[in-house]
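Architecture and fold: a report
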There are 2 protein chains.
Amino acid sequence: MGFHDTLNRSWRRRDSMLCVGLDPDIDRMPEPLRGHLDATFEFCRAIVDATAPTACAFKPQIAFFASQGAEDALERLCAYINESYPDHVLLLDAKRGDVGSTAEHYAREAFVRYGADAVTVNPYLGTDSVEPFLRHEGKGVVLLCRTSNPGSDDFQSLMVDGAPLYTHVARRVADRWSALGECGLVVGATYPAELAVVRGIVGDLPILVPGVGAQGGEVEATVSAGKDAAGLGMMISSSRAILYASSGEDFADAAHRVAEATRDQIRGAAVC
Amino acid sequence: MGFHDTLNRSWRRRDSMLCVGLDPDIDRMPEPLRGHLDATFEFCRAIVDATAPTACAFKPQIAFFASQGAEDALERLCAYINESYPDHVLLLDAKRGDVGSTAEHYAREAFVRYGADAVTVNPYLGTDSVEPFLRHEGKGVVLLCRTSNPGSDDFQSLMVDGAPLYTHVARRVADRWSALGECGLVVGATYPAELAVVRGIVGDLPILVPGVGAQGGEVEATVSAGKDAAGLGMMISSSRAILYASSGEDFADAAHRVAEATRDQIRGAAVC
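Here we summarise the structure given alongside this text. Predicted, not measured: the structure shown is a model, and the values here were computed from it. Along each chain, numbering runs from 1 in the same order as the chain's sequence is written. Both sets of labels track the order of writing: A upward for chains, 1 upward for ligands. Local features are withheld for residues below a pLDDT of 70 in this predicted model, meaning they are given only at 70 or higher, and side-chain atom pairs are given and counted only at 80 or more; totals for whole chains, interfaces and linings count all residues. Working from all heavy atoms in the structure, the side-chain values ignore hydrogens and water.

1. Considerations on helix α6 (residues 127-134) of chain B
The classification of residues rests on relative accessible area computed with a 1.4 Å probe and restricted to protein chains. Under 20% of the type maximum is buried, over 50% is exposed, and intermediate values are partly exposed. A run of H or I in DSSP counts as a helix once it spans at least four residues, and a run of E counts as a strand once it spans at least two, with each numbered from the N terminus. Buried residues dominate α6 of chain B, accounting for seven of its eight residues. The set of residues buried in α6 of chain B consists of Thr 127, Asp 128, Ser 129, Val 130, Pro 132, Phe 133 and Leu 134 of chain B.

Okay, here's the thing in structure tokens:
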């Protein structure tokens, strides 16, 4: 089963569009794991187990592993997710982007080494930088379109032929790249109006929406702007608000409670 | 000494603008290293030793290490370059790009873990995605501007206010980001006319020019278009043509010969 089918099934099985972001910051480990030799893996596994019933997808952020030389922990975490929660989408947040043969090596990193169902990719280098990822059949490529940070205005909202650059990215993904493989897009929760514009362009392609929770995006506005015709269509991602809900012994329970509340908020908004 | 000073000194000491790209493809290892347990490291170290007298910089491409789980080899290679060739610029080709705290983790990956002098970064996410890299004093951020691949036309050459997008990137780097830290740009050798346009915008900022050698860019046109007022200003990168000059016992000697010939071609063009 490919990325789109896995995601569709995952949305429906748990009635959830929540995506749990795994950004393990060694300086923010909960008390019981501090000083633990394998803290990064143990922390993420506990979060995964605690939040799996509420989530459609897990999104490990590779930078948090790479900065501490913890690729081995990421490998084991991805293997654990694939083995224990094969119904959930495993989305590697790596924002890779390079040409030809180098892109193929990044695709192998994401899809073969880490066994991800999908990976985030930067579109700036164009078609032949995305093709090597799309050639991995059944795997997903989730392209940065309109990101949630203040600096995204610098280039993404520049006007090209009367429309902002990010809409040209959305159009390219919908009209061309989707014909080559299974695509998705990234649109930040901080811009609901623009999320609606992108949804209008891309039909029912899945949209990863970061920026809910710690980054301050509002869930209702996000869901209303981004849902597809079936009331689904998004992976709404929350990381820090869930991961660091408590720094005590109860960190996993606290993560579960925040994840459940966020899922419920998304659910409530989706039926409106 | 920071990135710009190190590069300036490196250019002058060896009278060379050649940057040796380290893209170790396990399927293309020379005969004597095939099956060797530590082939990736041994191959790269031999290439570094053979080409150091001819080069101003080394550019390991992280994707080739990541696809085979060889971060440890990359760490040892970077440490070896810094220790044995401290005068050479160590540029990590990673094309990272993410927001806030994630960008800081990528910066630590490049500058702390691998000890790079500079790293390539994708500009699509804007100022606050670049700032965390620039805050590492003395380290360099080399921003993708106009890449050498066919697909770069998809977005980079879209017209914004009468000028292609990549010139807006160049302007942002020169006018704003350079005030925050030590910047450079990436412009492919396949577009000499556009390289000249970028040089006109960015003054004497260093430009990384991939695409010479295997990708077919012409050295003379590149140097003529891209050199700064001092006849320097570029890291002209060649990877495969040097790395895989021979697949036999003489691979290091062959790499040296190709590197030397490329450096001489660059040198000849720079004095014209």
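2. A few points about the packing of helix α2 (residues 39-51) of chain A against helix α12 (residues 251-270) of chain A
Residue and element names in this part refer to chain A. For the pair α2 and α12, interaxial distance at closest approach is 8 Å and the crossing angle is 45 degrees. Here α12 runs oblique to α2, going by the angle between their axes. In the crossing of α2 with α12, the sense of the turn from one axis to the other is right-handed. Within the contact between the two elements, α2 uses Phe 43, Ala 46, Ile 47, Ala 50 and Thr 51 and α12 uses Phe 251, Ala 252, Ala 255, His 256 and Ala 259. Under the grouping applied here, Gly and all other residues not named as nonpolar or charged are polar, the nonpolar ones being Ala, Val, Leu, Ile, Met, Phe, Trp, Tyr, Cys and Pro and the charged ones Asp, Glu, Lys and Arg. Counted by class, the contact of α2 with α12 contains eight nonpolar, two polar and no charged residues. Here an angle of 0 to 180 degrees is reported between the N-to-C directions of two axes, which are lines fitted to C-alpha atoms, with helices fitted over the stretch in contact. Roughly parallel means an angle under 35 degrees; roughly antiparallel means over 145; roughly perpendicular covers 65 to 115; every other angle is labelled oblique. Helix crossings get a hand from a simple test, with the near helix turned counterclockwise from the far one by less than a right angle marking a left-handed crossing and a clockwise turn marking a right-handed one. Whether two residues touch is decided by their heavy atoms; if any such pair falls within 4.5 Å, the residues are in contact.

3. Digging into the sheet that holds strand β2 (residues 57-60) of chain A
All names here are of chain A. The eight strands lie next to each other as β1-β2-β3-β4-β5-β8-β9-β10, forming a closed barrel whose pairing is parallel. Direction aside, the axes of adjacent strands within the sheet are offset by 30 degrees on average. Strand contacts of helix α9 (residues 192-202): β5 (140-146), β8 (182-187), β9 (207-209) and β10 (234-238), with the helix running at about 165 degrees to β9, the strand carrying the most contacts. DSSP calls a pair of strands paired once it identifies at least 2 bridges connecting them.

4. Structural notes on the environment of Phe 58 of chain B
Residue and element names in this part refer to chain B. For Phe 58, the position within the fold is in strand β2 (residues 57-60). Here Phe 58 falls in the buried class, since its relative accessible area comes to 0%. Residue contacts for Phe 58: discarding those within four places in its chain leaves Cys 19, Val 20, Leu 22, Val 48, Thr 51, Ala 52, Ile 81, His 88, Val 89, Leu 90 and Leu 91.

5. Topic: the relation of the copies chain B and chain A
A least-squares fit on C-alpha atoms brings the copies together, and the residues used are those whose pLDDT is at least 70 in both copies. Rotating chain B by 180 degrees about the axis while translating it 0.0 Å along that axis superimposes it on chain A, leaving an RMSD of 0.0 Å. Such a combination of turn and shift is consistent with a two-fold rotation axis. Using C-alpha coordinates, one finds that chain B approaches the rotation axis most closely at Val 160 of chain B, a distance of 2.7 Å. Take the interface residues of chain B: 100% of them recur as interface residues in chain A, which is what a same-surface contact looks like.

6. Overview of the sheet that holds β2 of chain B
All names here are of chain B. With parallel pairing, eight strands are arranged side by side around a closed barrel as β1-β2-β3-β4-β5-β8-β9-β10. The average undirected angle you get between the axes of adjacent strands in this sheet is 30 degrees. As judged from the two bridges shared by β2 and strand β3 (residues 89-96), these two strands associate in the parallel manner. Pairing of Phe 58 across the sheet is with Leu 90, part of β3. Packing of helix α8 (residues 165-175) onto the sheet brings it into contact with β5 (140-146) and β8 (182-187), and relative to β5 it is tilted by some 160 degrees. Of the strands in this sheet, β9 (207-209) and β10 (234-238) touch helix α10 (residues 219-226), which is tilted by about 160 degrees from β10.

7. Re empty space enclosed by the protein
With a probe scaled to a water molecule rolled over the atoms, the places where space remains empty come into view. In this analysis, the protein atoms alone were mapped onto a 1 Å grid. Cavities are point sets where a 1.4 Å probe fits without being able to get out; pockets are open sets with protein on both sides within 12 Å along at least five of seven lines; lining residues have an atom within 4 Å of a point. Grid points are joined across faces, edges and corners, and a volume is the space filled by probe spheres set on the points. Within the structure shown, the criterion is met by one cavity of 30 Å³ or more. Of the voids in this model, the largest cavity is the one considered here, and its volume is about 50 Å³. If you go around the largest cavity, the residues you meet are Ile 62, Ala 66, Glu 71, Arg 96, Glu 109 and Tyr 114 of chain A together with Ile 62, Ala 66, Glu 71, Arg 96, Glu 109 and Tyr 114 of chain B. Elements that contribute at least two residues to the lining of the largest cavity include exactly α3 (62-66) of chain A together with α3 (62-66) of chain B. Grouping the amino acids of the lining of the largest cavity by side-chain chemistry returns six nonpolar, no polar and six charged.

8. Observations regarding the pattern of salt bridges
Residues and elements named next belong to chain A. The term salt bridge refers to a pairing of a side-chain nitrogen on Lys or Arg with a carboxyl oxygen on Asp or Glu at a separation within 4 Å. Applying the stated rule across the entire model yields 40 salt bridges over all chains. Linking Lys 59 and Asp 93 is a salt bridge whose minimum nitrogen-to-oxygen distance equals 2.9 Å. Linking Lys 59 in strand β2 with Asp 93 in strand β3 (residues 89-96), this pair joins segments that are 34 residues apart in sequence. For the residue pair Lys 59 and Asp 93, the accessibility class agrees, reading buried in each case.

9. Some words on the interface of chain B and chain A
At the junction of the two partners, chain B supplies 50 residues and chain A supplies 50 residues. Here the buried area means the combined drop in accessible surface, using a 1.4 Å probe, for two parts upon being joined, counting both sides. Sorting the residues of chain B by area buried against chain A places His 105, Tyr 124 and Phe 155 of chain B first, and these three jointly supply 20% of that buried surface. Across the contact surface, chain B and chain A share six salt bridges. Arg 113 of chain A is the salt-bridge partner of Glu 71 of chain B, the closest N and O atoms lying 2.9 Å from each other. Identification of polar contacts relies on pairs of N or O atoms within 3.5 Å, with a donor-acceptor requirement for protein atoms, meaning one able to donate a hydrogen and the other able to accept it, and with residues adjacent in sequence counted only if both atoms are side-chain atoms. Linking chain B with chain A are 31 residue pairs in polar contact (both at pLDDT 80 or more), by the criterion used here.

10. Digging into the nonpolar core
Membership of the largest hydrophobic core comes to 194 residues, with the highest contact counts inside it found for Leu 22 and Met 235 of chain A together with Leu 22 and Met 235 of chain B. In this structure Met 235 of chain A touches Phe 3, Leu 7, Met 17, Cys 19, Cys 56, Ala 57, Val 89, Leu 91, Ile 207, Leu 208 and Val 209 of chain A, once residues within four positions along its chain are discounted. What makes a nonpolar core is a set of buried Ala, Val, Leu, Ile, Met, Phe, Trp, Tyr and Cys residues whose side-chain atoms join them at distances within 4.5 Å.

11. Describing helix α12 (residues 251-270) of chain B
All names here are of chain B. How far a helix is expected to stretch is found by multiplying one less than its residue total by 1.5 Å. Here α12 contains 20 residues, and its C-alpha end-to-end distance of 28 Å stays within 8% of the 28 Å for a straight helix at 1.5 Å per residue. Taken as a whole, α12 has its buried residues at Phe 251, Ala 252, Ala 254, Ala 255, Ala 259, Thr 262, Arg 263, Ile 266, Ala 269 and Ala 270. Buried residues of α12, seen end-on, are gathered within an arc of 165 degrees and therefore sit on one face of the element. Where the residues of α12 are buried, they touch α1 (3-14), β1 (18-22), α2 (39-51), α10, β10 and α11 (240-243). Each direction from the helix axis to a C-beta atom contributes to the arc, which is the arc of those directions.

12. Quick look at unusual backbone geometry
Residues and elements named next belong to chain A. Look at Asp 15: it is not a glycine, yet its phi comes out positive at around 45 degrees. With respect to the helices and strands, Asp 15 occurs in the loop between α1 (3-14) and β1 (18-22). Of note, Asp 161 is a non-glycine position whose phi angle comes to about 50 degrees, a positive value. Looking at the element boundaries, Asp 161 is found in the loop between β6 (159-160) and β7 (163-164). Under the relative-accessibility criterion, Asp 161 is labelled exposed at 75%.

13. Let's talk about the packing of aromatic side chains
The description of an aromatic ring pair uses the distance of the two centres, along with the angle that the planes make with each other. Between the rings of Phe, Tyr and Trp (Trp by its six-membered ring), a pair exists once the centres lie within 6.5 Å; its type follows the angle of the planes, with under 30 degrees stacked, over 60 edge-to-face, and the other angles tilted. Applying the stated criterion across every chain, the model contains twelve aromatic pairs over all chains. Centre to centre, the rings of Phe 155 of chain A and Trp 177 of chain B are 6.0 Å apart; their planes meet at 85 degrees, and the pair counts as edge-to-face. Highlighted residues: Phe 155 of chain A in helix α7 (residues 153-156) and Trp 177 of chain B in the loop between α8 and β8, drawn from two different chains. Residue Phe 155 of chain A is classed as buried on the basis of its relative accessible area of 3%. Accessibility expressed as a relative area gives 0% for Trp 177 of chain B, which makes it buried. Measuring from centroid to centroid gives 5.6 Å for Phe 43 of chain B and Phe 251 of chain B, while their planes differ by 35 degrees, and the two rings are tilted. With Phe 43 of chain B in helix α2 and Phe 251 of chain B in helix α12, this residue pair connects regions lying 208 residues apart in the sequence. For the pair Phe 43 of chain B and Phe 251 of chain B, a shared accessibility class is recorded, and that class is buried. One aromatic cluster is present, formed by Phe 43, Tyr 244 and Phe 251 of chain A through successive ring pairs. Think of it as a cone above the ring: NZ of Lys or CZ of Arg counts as a charge over the ring if it is within 6 Å of the ring centre and within 35 degrees of the ring normal. In this arrangement the basic side chain of Arg 146 of chain A is found over the ring face of Tyr 191 of chain A, its NZ or CZ atom lying 4.1 Å from the centre.

It is worth stressing that arrangement in space is one thing and function is another; only the former is reported here.
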